[in-house]
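In case you want the letters, here they are:
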Amino acid sequence: IMMGDYNVEPYHDAVVHHLQSSREKDLVLKKAPHVLYNPCWKFLISSQYNLVKPKAGTYYYPSGAFNRWHTIDQILFSQGFLSGEWVLNDDDVTIVDIDLLMTAYESEIKYNVSDHLPISAVLTRKLP
């Protein structure tokens with residue numbers, strides 16, 4: 001499992017080709033055991049299609065020329081965590097308490113300890 005701030009979006013060459021990651025779990029499971037699965041592509045939802053929660057991403061850059069929200073914090077999983085005794089449910093890969101954490105941005109409170117929103121994943125182990 002590789003987790004962190006990659007400073008680039010999931011589709012960037014550094015993540016896709018250099019770290020060899022894919023947004024397709026089936027491809028990683030069936031054809032590419034050396035490729036990592038990146039479920040964080042789902043955080044790349046356009047705000048124009050998400051009217052209920054227009055905030056989408058893990059990092060907010062207010063001076064962005066084209067985008068303010070970026071998905072640069074990601075979790076990558078090797079094939080071993082996708083099958084066998086381990087189960088990764090994509091629905092359990094989330095941005096943690098985004099509404100609560102965004103209160104600091106919206107009210108312009110300056111003491112927020114990080115400008116990144118945390119992400120979380122749940123792995124379940126099958127018992128014999």
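Counting restarts for each chain, with residues numbered from 1 along the sequence as it is written. With pLDDT at 70 or above as the cut-off, local features in this predicted model cover only qualifying residues; side-chain atom pairs require 80 or more to be listed or tallied, and sums for whole chains, interfaces and linings still use all residues. The side-chain values count all of the structure's non-hydrogen atoms but skip hydrogen atoms and water molecules.

(A) Here's a closer look at the overall build of the protein. Helical segments are the DSSP runs of H or I of at least four residues, strand segments are the runs of E of at least two, and each set is numbered from the N terminus. Regarding its fold elements, the protein presents three helices and ten strands. Listed N to C, the secondary structure of the protein is β-α-β-α-β-β-β-β-β-β-α-β-β in terms of helices and strands. Contacts are assigned to residue pairs with any non-hydrogen atoms lying within 4.5 Å of each other. If you take every contact in the protein between residues at least 6 apart in sequence, the share linking residues at least 24 apart comes to 65%. A 1.4 Å probe and the Shrake-Rupley method give the accessible areas. Residues count as covered only by the protein chains that appear here. Surface exposure of the protein reaches about 8400 Å², of which carbon and sulfur atoms provide 55%.

(B) Representation of unusual backbone geometry. Of note, Asn7 is a non-glycine position whose phi angle comes to about 60 degrees, a positive value. Within the secondary structure layout, Asn7 lies in the loop between β1 (2-5) and α1 (13-18). Exposure categories follow from relative accessible area, calculated using a 1.4 Å probe and restricted to protein chains: below 20% of the type maximum is buried, above 50% is exposed, and the middle band is partly exposed. Residue class for Asn7 comes out exposed when judged on its relative accessible area of 57%. We note that Gln20 has phi near 55 degrees; this positive angle belongs to a residue other than glycine.

(C) Here's a closer look at the packing of aromatic side chains. Stacked, tilted and edge-to-face are the three classes applied to pairs of Phe, Tyr and Trp rings, where Trp contributes its six-membered ring and a pair requires centres within 6.5 Å; stacked means planes under 30 degrees apart, edge-to-face means over 60, and tilted covers the rest. Taken as a whole and assessed by the stated rule, the structure comprises four aromatic pairs. Centre to centre, the rings of Tyr60 and Trp69 are 5.0 Å apart; their planes meet at 55 degrees, and the pair counts as tilted. Owing to a relative accessible area of 25%, Tyr60 belongs among the partly exposed residues under this scheme. Seen from the ring of Trp41, Arg23 lies directly overhead, with NZ or CZ sitting 4.6 Å from the centre. Consider the ring centre and the ring normal. A charge sits over the ring if Lys NZ or Arg CZ is within 6 Å of that centre and within 35 degrees of that normal.

(D) Structural context of the pairing of strand β6 (residues 73-76). Burial of β6 is two-sided: the residues Asp73 and Ile75 facing one way and the residues Gln74 and Leu76 facing the other way are all buried. Two strands pair when backbone bridges link them, and β1 and β6 are joined in this way by four bridges, in the antiparallel orientation. Across the sheet, the residue bridging to Asp5 is Asp73, located in β6. One bridge is not enough; two strands pair if DSSP finds at least two bridges between them.

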